[in-house]
Amino acid sequence: MKLYNTMSKRKEEFVPVEEGKVKMYVCGPTVYNFIHIGNARPMIVFDTVRRYFEYKGYDVNFVSNFTDVDDKIIKKANEEGVSADEISARYIAECKKDMEGMNIKPATTHPLATQEIDGMLTMISTLIEKGYAYEKNGTVYFRTRNFKDYGKLSHKNLDDLRSGNRSLLVSGENEKEDPLDFVLWKPKKEGEPAWGSPWSEGRPGWHIECSVMSKKYLGEQIDIHAGGEDLIFPHHENEIAQSEAANGKDFSKYWMHNAFLNIDNHKMSKSLGNFRTVREISEQYDLQILRFFMLSAHYRSPLNFSAELMEASKNGLERILNAADNLKYLSGNAKEEKMTDGEKEQFAKTPQFAAAFETAMEDDFNTADAIAAVFDLVKFANTTAEAEGSKEYAKALFGLLVKLTDVLGLIVEKKEEILDEEIEALIAERQAARKEKNFARADEIRDELAAKGIVLLDTREGVKWKKA
Ligand code: AMP
Ligand code: ZN
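To keep things clear, this report deals only with the structure shown in the data block. For every chain, the first residue of the written sequence is number 1, and numbering continues from 1 onward in sequence order. Note on labels: chains are lettered from A, ligands numbered from 1, in written order. Only residues with pLDDT of at least 70 get local features here, since the model is predicted, and only at 80 or more are side-chain atom pairs given and counted; chain-wide, interface and lining totals rely on the full set of residues. Excluded from the side-chain calculations are hydrogens and water; all other atoms, namely the structure's heavy atoms, are used.

As a further point, take the overall build of the protein. A run of H or I in DSSP becomes a helix once it reaches four residues, and a run of E becomes a strand once it reaches two; helices and strands are each numbered from the N terminus. Within the protein, the secondary structure is distributed over 17 helices and 14 strands. Projecting the C-alpha coordinates of the protein onto the three principal axes gives extents of approximately 90 × 50 × 45 Å. A simple rule labels every residue: compare its accessible area, found with a 1.4 Å probe on the protein chains alone, to the largest value its type can have, and call it buried under 20%, exposed over 50%, or partly exposed in between. Counting all 468 residues of the protein, 49% fall into the buried class. Contacts are residue-level and defined by heavy atoms, with any inter-residue pair within 4.5 Å sufficient. Nonlocal contacts in the protein, meaning residues at least 24 apart in sequence, comprise 75% of its contacts between residues at least 6 apart. Using a 1.4 Å probe, the Shrake-Rupley method yields the accessible areas, and only the shown protein chains count as cover for residues. Surface summary for the protein: the accessible area is close to 22400 Å², and the carbon and sulfur share equals 48%. Charge counting treats Lys and Arg as positive and Asp and Glu as negative, with His and both chain ends excluded. To locate a charge, the coordinates of NZ of Lys, CZ of Arg, CG of Asp or CD of Glu are taken. Charged side chains in the protein number 65 positive and 79 negative. The centres of these two groups are separated by 2 Å.

Shown next, in the form of structure tokens:
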């Protein structure tokens, strides 16, 4: 499996730190509002990466944080006259609802920065002891010039960066030793959330949070660290400096970054008024369509959001759902039970679809080509599964379609809603069938209900049911 590593700027073969395991950290959102569709891109992309590793049999430890202490959260709290905790708790809950709508698996752990302050104090102390950090008037800075590899991820020319920022140092407004030094700990201002520390009552800088949460939940050396491309510099560059200086080990083997999502060919921004939240999109579309839209492009290509492209995604997804629906129907209603000889011959051709799907995914997660392989399977199913054929064949094709679409996080099996009255009526019919010793019909009803998520319990007081 090959993936593009921002560090080496090329596609590399994936070799895990520990055999059979993937340790993966994805920088999560700052929770001061509903997430926007730009934030949804890394969530969908890296959830799909995770699903593919799981499909290949890896045990994936997937960690994604919520940044729940930040200037923007404090600002919003002050505007509303509530605590910062209330704001972050509210938007974490809303974010989780959106994630569920997009069928994003919950992370193995979703750490919160505010719950990990002790680890941050420890790492900052270590950095000071090792000469990688210094304190000035209650603020602790990272001493970048002591970290020899600073800049290795972003491939930036540090001298240019330094001279660009030198004016502040010259004017004496800045207490930093070097313009590239960054904050690890800062003293609180009036009304801000704060924690005690040896340097001041204050709060951590953003970068140290991720270094600490990644270390705590995944260890000092991880396989993949990921996020949007805007995080390469300074966030990830600074995380590398902190983690490698403190731990004395290489931090992450692979660095993956998704390109940005634009709207109608413009950068999404509040001032342009083209800002869209996932919640707004969910009022117009099933969020699976948003997911399908995001995966229809390669994650390292910029993606443009527009009404036309969403309509195209809706149609594309519908083709897959219709094929799945048809196969589902034939699985219960085709004429024959067992595969006919002709179908066996057809079925022998189907490994090519999974193979094409895997080839695409193994080439740096080319989801666009993987979707093309799914469409080929859909076309094949539409032309070869038929009412005159067998249930077994339709079932097998359905199973293959579900296996592949599940890696993309697309749910093709429609959840059928069933009313309580209908459940009761079917149970009564099943009881009558049993009385008449028509066990085949009784079993059929049980299966039908099970397919709709209804479990029957035969008790002494009669048949009870519950939703699975
Ligand atoms: P933030 O809450 O700004 O820290 O962003 C959370 C995640 O969303 C980060 O991985 C960002 O890189 C990513 N992100 C923010 N805006 C966009 C965008 N327009 N397109 C793609 N990714 C984005
Ligand atoms: Zn981060």
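With that settled, consider the sheet that holds strand 6 (residues 139–142). Here, strands pair whenever DSSP counts at least two bridges between them. Spatially, four strands are ordered 5-6-7-8 in an open sheet, and the strand pairing comes out antiparallel. Edge strands, defined here as strands with exactly one partner in the open sheet, are strand 5 (133–136) and strand 8 (202–204). The mean inter-strand angle of the sheet, taken between neighbouring strand axes irrespective of direction, is 20°. Relative to strand 7 (residues 182–187), strand 6 is paired through three bridges, and the arrangement is antiparallel. Considered in strand 7, the bridge of V140 is made with W185. Note on method: axes are straight lines fitted to C-alpha atoms, helices fitted across the in-contact stretch only, with angles between N-to-C directions ranging 0 to 180 degrees.

Counted as coordinating are nitrogen, oxygen and sulfur atoms within 2.8 Å of the metal, or 3.2 Å for Na, K and Ca, while water is not included, which may make sites look incomplete. Those protein atoms acting as donors to the zinc ion (ligand 2) are C27 (SG), C210 (SG) and H235 (NE2), and they sit at 2.1 to 2.2 Å. Along the chain, the residues donating to the zinc ion (ligand 2) fall in the pattern C-x182-C-x24-H. One end of the pair, C27, is in the loop between strand 3 (21–26) and helix 1 (37–55); the other, C210, is in helix 7 (residues 206–218), with 183 residues separating them in the sequence. Given the relative accessible area of 10%, C27 is considered buried. A relative accessible area of 1% means that C210 is categorised as buried.

This part covers empty space enclosed by the protein. It is the rolling of a water-molecule-sized probe over the atoms that shows where space remains empty. Cavity: a set of points on a 1 Å grid over the protein atoms alone where a 1.4 Å probe fits but cannot get out. Pocket: an open set with protein on both sides within 12 Å along at least five of seven lines, its lining residues, like those of a cavity, having an atom within 4 Å of a point. Grid points are joined across faces, edges and corners, and a volume is the space filled by probe spheres set on the points. Applying the stated criterion across every chain, the model contains one cavity of 30 Å³ or more. Forming the walls of the largest cavity are R41, V45, T48, V49, M294, L295, A297, H298, Y299, F365 and T367. At the level of secondary structure, the elements contributing two or more residues to the lining of the largest cavity comprise helix 1 and helix 10 (287–295). With four residues, the single largest contributor to the lining of the largest cavity is helix 1. For the lining of the largest cavity, a count of residues per class yields seven nonpolar, three polar and one charged. Note on residue categories: nonpolar means Ala, Val, Leu, Ile, Met, Phe, Trp, Tyr, Cys or Pro, charged means Asp, Glu, Lys or Arg, and polar means any other residue, Gly included.

Here, a salt bridge means any side-chain nitrogen of Lys or Arg that lies within 4 Å of a carboxyl oxygen of Asp or Glu. In this structure the tally under the stated criterion is 37 salt bridges. The partner of D363 in a salt bridge is K11, and the shortest N-O contact between them spans 2.8 Å. Here D363, found in the loop between helix 13 (351–362) and helix 14 (367–384), pairs with K11, found in strand 2 (residues 10–13); they are 352 residues apart in sequence, far enough to count as distant. D363 sits in the partly exposed class, given a relative accessible area of 32%. When salt bridges with common partners are traced through the structure, they connect D47, R51, R291 and D406 into a single cluster.

Attention now goes to the layout of surface pockets. Counted as a void, the largest pocket has a volume near 1100 Å³. Lining the largest pocket are 50 residues, and of these P29, T30, H36, N39 and D230 lie nearest its centre. Counting residues per element, the ones that place at least two in the lining of the largest pocket are helix 1, strand 4 (59–64), helix 2 (71–80), strand 8, helix 7, strand 9 (222–228) and helix 8 (232–247). Tallying contributions element by element places helix 1 first for the lining of the largest pocket, with six residues.

To continue, consider a negative patch on the surface. Judged by side-chain charge, D420, E421, E422 and E424 come together as a negatively charged surface patch. Tracing the backbone shows D420 in helix 16 (residues 420–435). Of the residues examined, D420 reaches a relative accessible area of 40% and is grouped as partly exposed. Residues enter patches when they are more than 30% accessible in relative terms and free of salt bridges; like-charged ones are connected within 9 Å and nonpolar ones (Val, Leu, Ile, Met, Phe, Trp, Tyr) within 5 Å.

This part is about the pairing of strand 4. Note: strand 3 against strand 4, six bridges, orientation parallel. Note that in strand 4 the partner of V22 across the bridge is V60. You can see the chain leave strand 3, run along helix 1 and come back into strand 4, and the turn it takes is right-handed. Throughout, right-handed denotes a crossover for which the path from the first strand over the helix to the second runs clockwise when the strands point away from the viewer.

Once that is clear, we can look at the nonpolar core. To form a nonpolar core, buried Ala, Val, Leu, Ile, Met, Phe, Trp, Tyr and Cys residues must be joined to one another through side-chain atoms within 4.5 Å. I37, F53, M102, I224, L290 and F365 are the most contacted members of the largest nonpolar core, which has 89 residues in total. In this view, F365 contacts M1, L3, V49, Y52, F53, M256, H298, Y299 and A360; residues no more than four positions away in its chain are not counted. Membership of the second largest hydrophobic core comes to 38 residues, among which are I124, F182, L184 and C210.

In this analysis, rings of Phe, Tyr and Trp, with Trp reduced to its six-membered ring, are considered paired at centre separations within 6.5 Å, and the interplanar angle assigns stacked below 30 degrees, edge-to-face beyond 60, and tilted for intermediate values. Scanning the entire structure with this criterion turns up 19 aromatic pairs. Note on F14 and Y254: the rings are 5.3 Å apart at their centroids and 40° apart in plane angle, and the pair reads as tilted. Of the two residues, F14 sits in the loop between strand 2 and strand 3 while Y254 sits in strand 10 (residues 252–258), which places them 240 residues apart along the sequence. Ring geometry for F293 against F305: centres 5.5 Å apart, planes inclined by 90°, an arrangement best described as edge-to-face. With F293 in helix 10 and F305 in strand 12 (residues 303–305), the pair connects residues that are 12 residues apart, well separated along the chain. Accessibility classification places F293 together with F305 in one group, the buried group. Taken together, the ring pairs in this structure connect F14, Y52, F53, Y55, Y58, Y254, F357 and F365 into an aromatic cluster. Above the face of the Y4 ring, R300 is positioned so that its terminal group lies 4.0 Å from the ring centre. Here, a charge over a ring means that NZ of Lys or CZ of Arg falls within 6 Å of the ring centre while also lying within 35 degrees of the ring normal. Directly above the aromatic system of F375 lies the positively charged group of R319, at a separation of 4.2 Å from the ring centroid.

Turning our attention to the site of ligand 1. Lining the immediate environment of ligand 1, one finds 17 residues, of which T30, G38, G228, D230 and L261 sit closest. At 3.2 Å, a side-chain N or O of N39 approaches an oxygen atom of ligand 1. N258 places a polar side-chain atom, nitrogen or oxygen, 3.4 Å from a nitrogen atom of ligand 1. About the coverage of ligand 1: the protein hides 88% of its 490 Å² of free accessible area. For the shell around ligand 1, the secondary structure elements donating two or more residues are helix 1 and strand 9. A molecule or strand has a residue near it when one of that residue's heavy atoms lies within 4 Å. Between N or O atoms, a polar contact is any pair within 3.5 Å; within protein, one atom must be a potential hydrogen donor and the other a potential acceptor, and residues adjacent in sequence are included only when both atoms are from side chains.

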